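Working through the structure, step by step
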Amino acid sequence: MNKKFTLTRLICIVTAIFLMAGTLTLGAVNLFGTNSLYSADAAILGSTVSAIVHTYITWGSFLTGAAVLVIVSIVMCAMLQLAAGERTWKFGFFALAAAFLARAAAVMLWKIEPESDFALTYELSRLLAATPPDRWGTALDECGTIYNTIWSAHMPFIIYQSAIVRLFGPSVIMLGMVNALWGTVECAVAAALAKCLFGAAQGANALLFMAFNPVCIFFTPVLSNQHPAVCFFLMAVYVLCRRPFGKLWLGALLAGIMLAIGQLLRPEMSAAAAGLTVYIIYEGICDKKKLYSLLCCVLLLMSFFVLPATVDKELSDEGIIHNSMLEQNMKYKIAVGLDKETEGGWSAENEALLYDEDKLDAVFNQRLRNLSPPLLIRKVIYQFGSYVYTWSMKSEEHPVITSLAVRRAASAMMGMLCVFACMTMVFDNEKRRSIAALFMTLGVYMAVYALIEVQVRYNYTVIPIITILGSDIILVKSKKRKG
């Protein structure tokens, strides 16, 4: 048993090291730095500390960041005090209502016009909403989109979004309001999971931290497929940890179904499925039920793959897509992720590889042979160090709010949550088995993004996980912890 817990402790420590490294590098620069960092944020990781301070931090930006950090710290302490008091259904209701209102206000007042991929999927959703389903394939072919060929994995989200457009009209605001609903449900599920793992006070902490997280609030108007997908991801983790009726197999089955729905909406849930599979195996070892745990793993993976495979066949048979959704262009993503020149990020040159399979094979093999471990480390630190999404920014229209709230306040809150989460993973020995599903999933995500293409907003999926782990911070006046 000691060896098993030594291994899990090691996983916790390694995960916490990467999380803390990101917080102390990109997170700190986002908080204390000037706006010039956005022209070369990935390059920061290849710079020395003195170069970073000299290039990106001034006394003015440092003092502004320090002031924001103090204010956010006071607000979070107030949240902890509030969560430590009496918790009734009214507390949960008003907290969730506030969470929705904050997100709805962002949709109404912080309007983000769709651009890039978001604009393309939005226009395709409008097209499908105005077209009879039996003509979807023809309409998509006529418009010449790549979302029914190269990026066919995103077609289920486009269909989902078209259903909303068909019901409420082509209003970006209405789509944002649906995102606000998903975000509110995320708050509720995160609170329920934190309560299940730690206790009622921690559940209240998670609820308030999620409800008023600037990252989540300002990202709500962005028409991303991450909003519904993350919600189903959280539900999957919850049902597996909760074990309905005390049955691990039932939790595995339901978790697989939830992840499958999330995979249809955003094709990145394979990492979550892998993390939860590792967790089930770990549980079987702890309970000395290895065969039973393996059967539960099979059940989770089968339920995870069946639904996407069924939808893929149906869309292919109807002529709506021409490439399998199940492929997900993984070779391309790894080729981009191993590009030393872009530090694993997107570039026009890399995107051109999608249209030249022979060149993609050659570049993939070359970069795989020249694999650079330091690059992999920098990528993980980058991916899980910054929570400032340029998609949420309105620097020209509202530079002050963008700087103080979208960038600095978000960085301050996420930085403290990451520190709290690291403390929980490293020092909370009595709860390590309970939180295994969280840190194992987080660890798998880190391993995946060490290889594939990185972009800051891709870490939106793990914000609830970090928040739940960070919720296990209790003030002196709090009630005694559960367990």
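Calculation criteria
Residues numbered from 1 in each chain as written. Predicted model: local features only at pLDDT ≥ 70, side-chain atom pairs only at ≥ 80, totals over all residues. Heavy atoms only, no water. Helix = DSSP H or I, 4+ residues; strand = E, 2+ residues; numbered from the N terminus. Rg over C-alpha atoms; globule rule 2.2 N^0.38 Å. Buried < 20%, exposed > 50% of the residue type's maximum accessible area, 1.4 Å probe, protein only. Contact = heavy atoms within 4.5 Å. Areas by Shrake-Rupley, 256 points an atom, 1.4 Å probe, with all protein chains shown as cover. Axes fitted to C-alpha atoms, helices over the stretch in contact; angles between N-to-C directions. Parallel < 35°, antiparallel > 145°, perpendicular 65-115°, else oblique. Left-handed = near helix turned anticlockwise from the far one by under 90°. pLDDT = per-residue confidence, 0-100. Core = buried A, V, L, I, M, F, W, Y, C linked by side-chain atoms within 4.5 Å. Salt bridge = Lys/Arg side-chain N within 4 Å of Asp/Glu carboxyl O. Nonpolar A, V, L, I, M, F, W, Y, C, P; charged D, E, K, R; others polar. Patch = residues over 30% accessible without salt bridge, like charges linked within 9 Å, V, L, I, M, F, W, Y side chains within 5 Å. Phe/Tyr/Trp six-rings, centres within 6.5 Å; stacked < 30°, edge-to-face > 60°. Lys NZ or Arg CZ within 6 Å of the ring centre and 35° of its normal. Disulfide = S-S within 2.5 Å.

So, on to the overall build of the protein chain. Within the protein chain one finds 21 helices and zero strands. Taking 483 residues into account, the globule formula puts the C-alpha radius of gyration at 23 Å, and the protein chain, at 22 Å, falls close to it. Counting only C-alpha atoms, the protein chain reaches 65 × 60 × 50 Å along its principal axes. Looking at the protein chain as a whole, 55% of its 483 residues are labelled buried. If you take every contact in the protein chain between residues at least 6 apart in sequence, the share linking residues at least 24 apart comes to 80%. A total accessible area of about 20800 Å² is found for the protein chain, and carbon and sulfur atoms account for 67% of it.

Running from N to C, helix α15 (residues 330–337) and helix α17 (residues 357–369) cross one another at 50 degrees; their axes reach a closest spacing of 9 Å. Between α15 and α17, the angle is such that the two are oblique. Every pair of crossing elements has a handedness; the one defined by α15 and α17 is left-handed. Where α15 abuts α17, its residues Lys331, Tyr332, Ile334, Ala335 and Val336 lie against Leu360, Asp361, Phe364 and Arg367.

Bringing the confidence of the model for the protein chain into the picture now. The predicted coordinates ought not to be read in detail in places where the model reports low pLDDT. Averaged over every residue, the pLDDT of the protein chain is 89; the share at 70 or more is 92%. Confidence drops under pLDDT 50 across residues 475–483; counting only partners more than four residues distant or on other chains, this segment forms 21 contacts.

Phi is positive for lysine 288, close to 55 degrees, though the residue is something other than glycine. Judged by its relative accessible area of 71%, lysine 288 is exposed. Backbone geometry at glutamate 343 places phi at a positive 55 degrees, although glycine is not the residue there. Mapped onto the elements, glutamate 343 comes out in the loop between α15 and α16 (348–351).

We now examine the environment of leucine 250. Looking at the secondary structure, you find leucine 250 in helix α12 (residues 248–265). Leucine 250 sits in the buried class, given a relative accessible area of 16%. The contact partners of leucine 250, leaving out residues within four places of it in the chain, are Pro244 and Phe245.

Another aspect to go through is the nonpolar core. Counting 150 residues, the largest nonpolar core has Leu19, Phe384 and Tyr387 as the members making the most contacts within it. Here the element with the most residues in this core is helix α19 (residues 399–427); it accounts for 15 residues. Beyond its immediate chain neighbours, meaning those up to four positions away, tyrosine 387 contacts Leu19, Asn30, Val215, Ala410, Met414, Cys418, Val456, Asn459, Ile463 and Ile466.

An α-helix turns once every 3.6 residues. As a result, residues three or four positions apart point the same way. Of all the eight residues making up helix α21 (residues 463–470), eight are buried; the element is thus mostly covered by neighbouring parts of the structure. All of the buried residues along α21 are Ile463, Pro464, Ile465, Ile466, Thr467, Ile468, Leu469 and Gly470.

In total, this model carries six salt bridges according to the counting rule given. For glutamate 283, the salt bridge identified is with arginine 243, shortest N-O distance 2.3 Å. Of this pair, glutamate 283 sits in helix α13 (residues 270–287) while arginine 243 sits in the loop between α11 (226–242) and α12, and the two are 40 residues apart along the sequence. With a shortest N-O distance of 3.5 Å, aspartate 339 and arginine 367 are connected by a salt bridge. Residue aspartate 339 is found in the loop between α15 and α16, and its partner arginine 367 is found in helix α17; the two are separated by 28 residues along the sequence. Residue classification places aspartate 339 among the buried residues on the basis of a relative accessible area of 7%. According to the relative accessible area criterion, arginine 367 is buried, its value standing at 17%.

Among the secondary structure elements, glutamate 186 is positioned in helix α8 (residues 172–197). For the pair formed by glutamate 186 and leucine 96, sequence separation is 90 residues and the distance between their alpha carbons is 9.9 Å.

The residue leucine 294 is located in helix α14 (residues 290–317) in this model. Distance from leucine 294 to alanine 192, taken between C-alpha atoms, is 27 Å for residues 102 residues apart in sequence.

Here α11 crosses α13 at 10 degrees, and the two axes come no closer than 11 Å. Accordingly, the angle class assigned to the pair α11 and α13 is roughly parallel. Mapping the contact onto sequence places Phe233, Ala236, Val237 and Leu240 in α11 and Ala272, Leu276, Tyr279 and Ile280 in α13. Taken together, the residues that form the contact of α11 with α13 break down as eight nonpolar, no polar and no charged.

The next subject is a nonpolar patch on the surface. On the surface, Leu7, Leu10 and Val14 cluster together into a nonpolar patch covering about 270 Å² of accessible area. Along the chain, valine 14 turns up in helix α1 (residues 2–32). Its relative accessible area of 38% is what places valine 14 among the partly exposed residues.

With that settled, consider the packing of aromatic side chains. Evaluation of the coordinates by the stated rule reveals 16 aromatic pairs. Ring centres of phenylalanine 219 and tyrosine 389 lie 5.1 Å apart, and the angle between their planes is 75 degrees; this geometry places the pair in the edge-to-face category. Of this pair, phenylalanine 219 sits in helix α10 (residues 214–219) while tyrosine 389 sits in the loop between α18 (373–383) and α19, placing them 170 residues apart in sequence. Here phenylalanine 219 matches tyrosine 389 in class, with each residue buried. Each member of the aromatic cluster is reached from another via a ring pair, and the members are Phe233, Phe384, Tyr445, Tyr449 and Tyr458. A cation over an aromatic ring shows up here: lysine 331 above the ring of phenylalanine 364, its NZ or CZ 5.7 Å from the ring centre. Taking NZ or CZ as reference, lysine 394 lies 5.6 Å from the ring centre of tryptophan 110, over its face.

Okay, the side chain of lysine 394 next. Looking at where lysine 394 falls in the secondary structure, it is placed in the loop between α18 and α19. The contacts of lysine 394, once residues within four sequence positions are left out, are Trp110, Lys111, Ile112, Pro399 and Thr402.

Turning next to the state of the cysteines. Summed over the entire model, instances satisfying the criterion amount to zero disulfides. For cysteine 12, which is in no disulfide, the shortest distance to another cysteine sulfur is to cysteine 422 and amounts to 10 Å. The thiol sulfur of cysteine 187 is not disulfide-bonded, and the nearest other cysteine sulfur, from cysteine 216, lies at 7.0 Å. Of the residues examined, cysteine 187 reaches a relative accessible area of 0% and is grouped as buried.

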